[in-house]
Amino acid sequence: LDESCLGLSLEAKTRLLDYVKEVLAREAGKAVILATNDVRDAERIADRILFLEGGRVIESGRIAELVRKYALKEEVRVELAGEECCSKLLRLLGSDAVCRVAEGRSYLIAFAEDGSAVLLELLELLRSSSCKPQHITIERPTLEDIYFKLYSDRWEKPQMGEVAGCYVVM
């Protein structure tokens, strides 16, 4: 299937991808090759991924294998009430972490192979401090992260002023 979802409504695309995964691949036991530029579609149905450049395979494997191969880390993000809490927790955490302030909000962001372990450590530190978390998330590496790892150094970067604005067509 070559870009088989282009031009389809969300409902039709969902039905097609479900059919490909459930009926063709699982029930009928067929091998299905789907060529797409939509990493979300690929991530949703793929058992294995092939990355191509110039018609040649430059990388392949299961998503979890590629995440390990490229040492992509999970991101634990804690939104805090103030900057002082972020700095305090950063000193106590002692791992690969940073504090960020954006739009009046303070974030502690820790990077780790096992985000759950870091989250447990952070929860203990939060409990023993006077800092109150506003929001906590763990983001795991995705196929998009692998894609950017593989291809970002191959792109020609646009010059400042060539691109202005953000355009979304749905």
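Starting from 1, residues in each chain are numbered consecutively following that chain's sequence as written. In keeping with the model being predicted, local features are shown solely for residues with a pLDDT of at least 70 and side-chain atom pairs are shown and tallied solely at 80 or more, while totals for entire chains, interfaces and linings include all residues. Computation of side-chain values covers all heavy atoms of the structure but excludes hydrogens and water.

Draft legend 1. Just the packing of aromatic side chains, in detail. Classification of ring pairs rests on two measures: the distance between centres of Phe, Tyr or Trp rings, Trp counted by its six-membered ring, which must be within 6.5 Å, and the angle between planes, read as stacked under 30 degrees, edge-to-face over 60 and tilted in between. Under the definition given, this model contains four aromatic pairs. With centroids separated by 5.9 Å and ring planes inclined at 80°, the aromatic side chains of Tyr-147 and Phe-148 adopt a geometry described as edge-to-face. The cut-offs for exposure are 20% and 50% of the maximum accessible area for each residue type, with area from a 1.4 Å probe on protein chains only; residues under the lower value are buried, those over the upper are exposed, and the others partly exposed. Its relative accessible area of 36% is what places Phe-148 among the partly exposed residues. Here the aromatic cluster, defined as three or more aromatic residues joined through ring pairs, consists of Phe-51, Tyr-147, Phe-148 and Tyr-151.

Draft legend 2. Structural detail: the environment of Ile-58. The residue Ile-58 is located in strand S2 (residues 56–61) in this model. Its relative accessible area of 30% is what places Ile-58 among the partly exposed residues. Residues Ile-58 and Leu-150, 92 residues apart in the sequence, show an inter-C-alpha distance of 8.6 Å. Helix and strand labels come from DSSP, where a helix needs a run of H or I of at least four residues and a strand needs a run of E of at least two; each type is numbered from the N terminus.

Draft legend 3. Molecular detail of a negative patch on the surface. Excluding any residue in a salt bridge, patches collect residues exceeding 30% relative accessible area, merging like charges within 9 Å and nonpolar Val, Leu, Ile, Met, Phe, Trp and Tyr side chains within 5 Å. What sets the accessible areas is the Shrake-Rupley method with a 1.4 Å probe; for residues, cover comes only from the shown protein chains. Salt bridges are defined by distance alone: a side-chain nitrogen of Lys or Arg within 4 Å of a carboxyl oxygen of Asp or Glu. Within this scheme the basic residues Lys and Arg register as positive and the acidic residues Asp and Glu register as negative, but His and the chain ends are omitted. Taken as the charge location is NZ of Lys, CZ of Arg, CG of Asp or CD of Glu. Among the surface-exposed residues, Glu-43, Glu-139, Glu-144 and Asp-145 lie close enough to one another that they form a single negatively charged patch. Take Asp-145: it is sitting in helix H6 (residues 143–151). Asp-145 gets classed as partly exposed once you look at its relative accessible area, which sits at 35%.

Draft legend 4. Region of the structure containing the state of the cysteines. Any two cysteine sulfur atoms lying within 2.5 Å of each other are counted as a disulfide. Evaluation of the coordinates by the stated rule reveals two disulfides. Through a disulfide, Cys-85 is tied to Cys-131; the S-S separation comes to 2.3 Å. On the S-S bond that ties Cys-85 to Cys-131, the torsion sits near -100°, and the link is left-handed. One end of the pair, Cys-85, is in helix H4 (residues 83–93); the other, Cys-131, is in the loop between helix H5 (115–128) and strand S6 (133–139), and 46 residues separate them in sequence. A relative accessible area of 11% places Cys-85 in the buried class. Between Cys-86 and Cys-99 runs a disulfide, and the two sulfur atoms are separated by 2.1 Å.

Draft legend 5. Quick peek at the nonpolar core. By size, the foremost hydrophobic cluster in this structure holds 17 residues, and its most contacted members are Val-76, Leu-80, Leu-89, Leu-93, Leu-108 and Leu-122. The dominant element in this core, judged by the number of residues it contributes, is H5, at five residues. We call two residues in contact whenever any of their non-hydrogen atoms come within 4.5 Å of each other. Not counting the four nearest positions on each side in its chain, Leu-80 is found in contact with Cys-85, Cys-86, Leu-89, Ser-106, Leu-108, Leu-126, Lys-132, Pro-133 and Gln-134. Nine residue types can take part in a nonpolar core, namely buried Ala, Val, Leu, Ile, Met, Phe, Trp, Tyr and Cys, and a core is a set of them joined through side-chain atoms within 4.5 Å. Listed in part, the twelve residues of the second largest apolar core include Ile-49, Val-67, Leu-150 and Tyr-151.

Draft legend 6. Looking closely at the side chain of Glu-74. Examined against the element boundaries, Glu-74 turns out to sit in strand S3 (residues 74–80). Judged by relative accessible area, which is 11%, Glu-74 ranks as buried. Pairing of N or O atoms within 3.5 Å defines a polar contact, subject to two protein rules: one partner must be a possible hydrogen donor and the other a possible acceptor, and residues neighboring in sequence count only if both atoms are side-chain atoms. There is a polar contact of 2.6 Å between the side chain of Glu-74 and the backbone nitrogen of Gly-115. Contacts of Glu-74, omitting those with residues within four sequence positions, involve Ala-110, Phe-111, Ala-112, Glu-113, Asp-114, Gly-115, Ser-116, Ile-138, Glu-139, Arg-140 and Pro-141.

Draft legend 7. How the structure looks around the pairing of S2. Paired strands, in this sense, are two strands between which DSSP finds at least two bridges. Strand direction decides the pairing type here: strand S1 (residues 49–53) and S2, joined by five bridges, are antiparallel. Its bridge partner being in S2, Leu-50 is matched across the sheet by Ser-60.

Draft legend 8. Expanded view of the pattern of salt bridges. Counted under the stated rule, the structure contains 13 salt bridges. The partner of Lys-13 in a salt bridge is Asp-38, with the nearest N and O atoms 3.4 Å apart. Note that Lys-13 is positioned in helix H1 (residues 10–27) and Asp-38 in the loop between H1 and helix H2 (39–45), a separation of 25 residues in sequence. Overall, Asp-38 belongs to the buried group, its relative accessible area being 17%. Note that Lys-69 and Glu-59 form a salt bridge whose closest N and O atoms lie 2.9 Å from each other. On the criterion of sequence distance, the pair formed by Lys-69 in helix H3 (residues 63–69) and Glu-59 in strand S2 is long-range, its members being ten residues apart.

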